[in-house]
Amino acid sequence: MYNKEQKNDENFWISYADLMAGLLFVFILVIGAIVIKYVYTQSNLEKEKAALNSSEEAKSKLFYELAKAKNLYETTKSDLDKAASELKDKDNKISLNLAEIEKLKALLLEYELNIKDEKSKNEKLSADLTEKTNMISLKDEELTMLADKLLVQTQIHQKMVEEFDIAKIKIKNLTGIKLTVIAKLKEKLGKSINIDEKSGAIKFSSNILFDQNSYILKEDAKKELSNTLKKYLNTLLGDKEMKKYIESITIEGHTNSDGTYLSNLSLSQQRAHAVMQFLYDSNIIDKNLLSTYVNSSGRSSSDLILDKNGVEDKDASRRIEIKFTIKNEEAIREIQNYLGEKK
């Protein structure tokens, strides 16, 4: 009996424990559900609060924008009214100033035409300027070429000047030599023989040496001719210092203008040859010197002597001249070559 009751009690407590455990589980579930619902509710409340705050800010912003738009509307309306008033005034003024507008249009048209004209002129000037610029470029090139040519010509001219100076020095030296020879002739011969101061020549009148139209030496003239020629030739050829400058000595026969040129040429040649023959025959100077330095020539009437009035002096024109030349052939040849190269 006891075991049965004891077993029933155990079953009771077991059932009670199971019940309590179930109740506890249910309670826990209820508590968890409450907590979850609370958390969810709080989350929704925060979202709603945030949304509410956002709505307030949007509302404030909306009010601000509305106020700003209202202000802009009022301002715009005022400006529009003012603009409408000004436009009305302008319309009035425009309607009153149509004549002035026509004038302005005319002026504007004239201005446009002037602009086109000026543009055309500017284009033409630009084209001219381009052409001038090209021409200037070409001129610059030509000037450069001319400058180069001028430099070359300057150098050539400088060389010519130097060569000319050298030629002048040579001519001066030759002139100085001739003057020296003439001075020595005067010094040694004194006043006994009339010597030409420029050429150093001596002259004999044909009236003294020859009869009219004759080439035969007069006997009374031979002595004077011998003395004079001996002194003259010995001075030129007997002195070594003098002889080294002598190129040649020429006996020239001259006539006046009476008669024909050819007849006078023959007579002048014969008279010059007669004097040359006299030198060889008289032995007044070594024949080797005569053949080396002395020659004869007839000049006819080609070198007449004129008086102070320019009239022929016929007696003075009939003459025999003895003249010398110094050794200037080489210098003359150099000058001729120099002048020939510059042609």
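In what follows, the structure referred to is the one given above.
Everything quoted here is computed from the prediction, not taken from an experiment.

A. The arrangement of the pairing of strand β2 (residues 246–254) in detail. Within β2, 8 of the 9 residues are buried, which leaves it mostly tucked inside the rest of the structure. Across 8 bridges, β2 lies against strand β4 (residues 319–326) in antiparallel orientation. What sits directly across from glycine 253, in β4, is isoleucine 320. Pairing of β2 with strand β3 (residues 294–298), which is carried by 5 bridges, proceeds in the parallel orientation. If you follow glycine 253 over to β3, its bridge partner there is glycine 298.

B. Representation of the sheet that holds β3 in the model. As summarised here, the arrangement of the 4 strands in space is β1-β4-β2-β3, forming an open sheet in which the pairing is mixed. At either margin of the open sheet sits one strand with a lone partner, and together these are β1 (202–205) and β3. Sheet twist, expressed as the mean angle between neighbouring strand axes with direction ignored, is 20°. Inspection of the sheet shows β1 paired to β4 by 4 bridges, in the antiparallel sense. Each bridged residue has a counterpart across the sheet, and for serine 205 the counterpart in β4 is arginine 319. Docked against the sheet, helix α4 (residues 219–238) engages β1, β2 and β4, running at close to 165° with respect to β1. Docked against the sheet, helix α6 (residues 261–282) engages β2, β3 and β4, running at close to 160° with respect to β3.

C. Looking closely at the packing of α4 against α6. Close contact between α4 and α6 brings their axes to 11 Å; oriented N to C, the two are set at 75°. For the element pair α4 / α6, the angle class is roughly perpendicular. Contacts between α4 and α6 pair Lys222, Leu225, Ser226, Leu229 and Leu233 from the former with Val275, Phe278 and Leu279 from the latter. Classifying every residue of the contact of α4 with α6 by side-chain character gives 6 nonpolar, 1 polar and 1 charged.

D. Expanded view of the side chain of asparagine 256. Along the chain, asparagine 256 falls in the loop between β2 and α6. Here aspartate 258 takes part through its backbone nitrogen, which lies 3.1 Å from a polar atom of the side chain of asparagine 256. If we skip the residues at most four places from it in the chain, asparagine 256 touches Asn264, Ser301, Leu304, Glu312, Lys314, Ser317 and Arg318.

E. A look at the pattern of salt bridges. Within this structure, the stated rule accounts for 12 salt bridges. For the salt bridge of lysine 186 with glutamate 197, the shortest nitrogen-to-oxygen distance reads 3.6 Å. On the criterion of sequence distance, the pair formed by lysine 186 in helix α2 (residues 98–189) and glutamate 197 in the loop between α2 and β1 is long-range, its members being 11 residues apart. The salt bridge partner of glutamate 252 is lysine 323, with a shortest N-O separation of 3.4 Å. Residue glutamate 252 is located in strand β2, and its partner lysine 323 is located in strand β4; the two are separated by 71 residues in the primary sequence. Each of Lys203, Glu252, Arg299, Asp303, Arg319, Glu321 and Lys323 takes part in one network of salt bridges that share partners.

F. Looking closely at a nonpolar patch on the surface. A cluster of nonpolar side chains, contributed by Leu19, Met20 and Leu23, occupies part of the molecular surface with about 280 Å² of accessible area. The exposure class of leucine 23 is partly exposed, given its relative accessible area of 47%.

G. The arrangement of the nonpolar core in detail. By size, the foremost hydrophobic cluster in this structure holds 37 residues, and its most contacted members are Leu229, Tyr232, Leu236, Ile249, Ile251, Ile322 and Phe324. Secondary-structure elements contributing two or more residues to this core are α2, β1, α4, β2, α6, α7 (287–293) and β4. Sort the elements by how many residues they give to this core and α4 lands first, with 7 residues. Look past the residues within four positions of leucine 236 in its chain and what remains in contact with it is Val181, Leu185, Met242, Lys243, Ile246, Ile249 and Phe324.

H. Quick peek at the environment of glutamine 269. One can find glutamine 269 in helix α6. For glutamine 269, a relative accessible area of 41% puts it in the partly exposed group.

I. Highlighting the side chain of serine 206. Mapping serine 206 onto the fold places it in helix α3 (residues 206–209). Here the side chain of serine 206 touches arginine 319 through a polar contact of 3.0 Å, landing on its backbone nitrogen.

Conventions adopted
- Residues numbered from 1 in each chain as written.
- Predicted model: local features only at pLDDT ≥ 70, side-chain atom pairs only at ≥ 80, totals over all residues.
- Heavy atoms only, no water.
- Buried < 20%, exposed > 50% of the residue type's maximum accessible area, 1.4 Å probe, protein only.
- Helix = DSSP H or I, 4+ residues; strand = E, 2+ residues; numbered from the N terminus.
- Pairing = 2+ DSSP bridges.
- Axes fitted to C-alpha atoms, helices over the stretch in contact; angles between N-to-C directions.
- Contact = heavy atoms within 4.5 Å.
- Parallel < 35°, antiparallel > 145°, perpendicular 65-115°, else oblique.
- Nonpolar A, V, L, I, M, F, W, Y, C, P; charged D, E, K, R; others polar.
- Polar contact = N/O pair within 3.5 Å; in protein donor to acceptor, adjacent residues only side chain to side chain.
- Salt bridge = Lys/Arg side-chain N within 4 Å of Asp/Glu carboxyl O.
- Patch = residues over 30% accessible without salt bridge, like charges linked within 9 Å, V, L, I, M, F, W, Y side chains within 5 Å.
- Areas by Shrake-Rupley, 256 points an atom, 1.4 Å probe, with all protein chains shown as cover.
- Core = buried A, V, L, I, M, F, W, Y, C linked by side-chain atoms within 4.5 Å.

By themselves these figures say nothing about function.
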